[in-house]
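A look at the structure
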Amino acid sequence: MDSLRLFKTKSGTVISYKGNFYDFPFPWDALINRDHLYEYLVEEIKNTSTKHTAKDFMANQLLPPIGSQEVWAAGVTYFRSKEARMDESKDTGGSSFYDKVYEADRPELFFKSAPHRVAGSGDRVYIRQDSAWNVPEPELTLFINSNERIEGYTIGNDMSSRSIEGENPLYLPQAKTYSRSAALGPCLYVPSVPISPDTSISMEIVRAGKVMYQDSVQINKMKRKHNELASWLFRECDFPSGCFLMTGTCLVPPSDFTLAIDDKVAITIDEIGTLTNTVGMRI
Ligand code: DO4
Ligand code: MG
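Quick caveat, the model's predicted, so the values are computed rather than measured.

Taken together, Ala73, Gly75, Val76, Thr77, Ser81, Arg85, Glu108, Glu137, Asp158, Leu172, Gly248 and Thr249 make up the full set of residues near ligand 1. For the shell around ligand 1, the secondary structure elements donating two or more residues are strand E5 (70-75) and helix H4 (79-88).

Put into structure tokens, the structure is as follows:
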């Protein structure tokens, strides 16, 4: 399958295509928010000279591949997420909601982040000071343009407080939405055809050089279709520059695990790359 990758860097947009890196001086939102993005970029590249070597490119600090778009998230789209959530809320009576939403027509969709709170690859993601139980959630993330077309993909980390969500499902916005609770990166992956259902997503969490958690899963385990999620999101919302939609997690560390400051979280999706973040806290 043909594809290209768009990197947003401090010195502008760089496109990686067939082993070459191209400088692309074009405002991010206008660049990505179009139909047939892959075909458009391939045509544009023909008029662009190769400017970067991979080494130059790596020296530029990556920014999250987002402009003015909102970030939304879907929840309980995998059986494992349903199980974990039912478990964390069993003592407070909230568990039946997860069971119901897993089976319902209408999916769980929630607002995750404004663009200025999103971390990029290499940045710190935060855990909340008032939360005792925290996990990363590795999620394939769709870029959906303003016409509701899925034109690209990136890797998302839906950082979550399990203690706050478990206490009461009405606390979900606080469990999910706070500074640097969302990470996106390292690039916007733009394939010529939709991403394969056999794509793997994996996550590794390392603490002081020791692997604390490692697992992977194929996205074909997801209960819902990408277009189905997009169509629910666009029902009553308009997104003038498109939006990002995290598609839910299937990888949940064991219940006795919580993140600690300076943990390294690496999320890899075969075709897209690796999103790497270190855990921190807002001070
Ligand atoms: O129901 C709460 C959020 C679920 C979620 O974020 C997920 O399944 O990934
Ligand atoms: Mg999630």
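Let us look at the domain arrangement of the protein chain. Domain boundaries in the protein chain define domain 1 (3-59) and domain 2 (70-281). The C-alpha-based centres of domain 1 and domain 2 are spaced at 26 Å. The interface of domain 1 with domain 2 comprises 13 residues on the first partner and 17 residues on the second. If you list the elements that add at least two residues to the side of domain 1 that touches domain 2, you get strand E1 (3-9), helix H1 (28-32) and helix H2 (37-45). When residues of the side of domain 1 that touches domain 2 are assigned to their parent elements, the largest contribution, five residues, is made by E1.

This part takes up the nonpolar core. Formed by 65 residues in total, the largest nonpolar core has its most connected members in Phe244 and Leu245. When residues in this core are grouped by element, the largest group, seven residues, is from strand E13 (residues 182-191). A domain-level breakdown of this core finds at least three residues from each of domain 1 (3-59) and domain 2 (70-281). For phenylalanine 244, the contacting residues outside a window of four places in its chain are Ile66, Gln69, Val71, Thr141, Leu142, Phe143 and Leu184.

The subject of this paragraph is the sheet that holds strand E8 (residues 124-127). Pairing in this open sheet of five strands is mixed, and the strands run E8-E18-E17-E14-E15 from one edge to the other. Both outer strands of the open sheet, E8 and strand E15 (210-218), are each paired with one neighbouring strand and no more. Shown here is a sheet whose adjacent strand axes are inclined to one another by a mean of 25°, direction ignored. In this sheet, strand E18 (residues 273-281) lies alongside strand E17 (residues 264-269) in antiparallel orientation, the contact comprising six bridges. The partner of lysine 264 across the bridge, within E18, is threonine 278.

In the contact formed by H4 and helix H5 (residues 96-103), the axes pass within 8 Å of each other and the chain directions differ by 160°. Looking at the two axes, H4 sits roughly antiparallel to H5. Crossing angle aside, the handedness with which H4 passes H5 is right-handed. Between H4, through Lys82, Arg85 and Met86, and H5, the contact on the second element is made entirely by Tyr98, Asp99 and Tyr102.

As a further point, take unusual backbone geometry. Residues glycine 185 and proline 186 are joined by a peptide bond in cis, for which omega reads 0°. For alanine 208, which is not a glycine, the phi torsion comes out positive at approximately 45°. Alanine 208 sits in the exposed class, given 9 other C-beta atoms within 10 Å.

Okay, the pairing of strand E10 (residues 138-144) next. The side chains of a regular strand alternate, residue by residue, between the two faces of the sheet. In terms of burial, E10 is a largely internal element, seven of the seven residues being buried. Neither face of E10 is left uncovered, since the one carrying Pro138, Leu140, Leu142 and Ile144 and the one carrying Glu139, Thr141 and Phe143 both have all their residues buried. In this structure, E10 lies alongside strand E11 (residues 150-158), joined through seven bridges in antiparallel fashion. From the neighbouring strand, isoleucine 144 faces E11, where its bridge partner is isoleucine 150. Adjacent in sequence and paired antiparallel, E10 and E11 are bridged by five residues, among which glutamate 148 carries a positive phi angle near 70°. Here E10 pairs with strand E16 (residues 243-246) via four bridges, running antiparallel. Looking at E16, one finds that threonine 141 is bridged to methionine 246.

The rules behind these values
Throughout this description, residue numbers start from 1 for each chain and increase along the sequence as written. Throughout, the order in which chains and ligands are written sets their labels, letters from A for the former and numbers from 1 for the latter. Where local features are concerned, this predicted model is filtered to residues with pLDDT of at least 70; where side-chain atom pairs are given and counted, the filter is 80 or more; whole-chain, interface and lining totals use all residues. In this analysis a residue is considered near a molecule or strand if the C-beta atom, reconstructed from its backbone, is found within 6 Å of that molecule or strand. By the criteria applied, helices consist of DSSP H or I runs no shorter than four residues and strands consist of E runs no shorter than two, each listed in order from the N terminus. Annotation comment: domain bounds sourced from an automatic or database domain assignment. By definition, residues are in contact whenever their C-beta atoms, placed on the basis of the backbone, come within 7 Å of each other. Linking buried Ala, Val, Leu, Ile, Met, Phe, Trp, Tyr and Cys residues through C-beta atoms within 7 Å yields a set, and such a set is a nonpolar core. Burial is judged by counting other C-beta atoms within 10 Å of a residue's own C-beta: 20 or more means buried, 12 or fewer means exposed, and anything between counts as partly exposed, with every C-beta placed from the backbone. We treat two strands as partners when DSSP finds at least two bridges between them. Fitted lines through C-alpha atoms serve as axes, helices being fitted only where they are in contact, and the angles separating the N-to-C directions of these axes extend from 0 to 180 degrees. By the definition adopted for this analysis, an angle is roughly parallel if under 35 degrees, roughly antiparallel if over 145, roughly perpendicular if from 65 to 115, and oblique otherwise. By convention, the crossing between two helices is left-handed when the near helix turns anticlockwise from the far helix through less than a right angle, and right-handed when the turn is clockwise.

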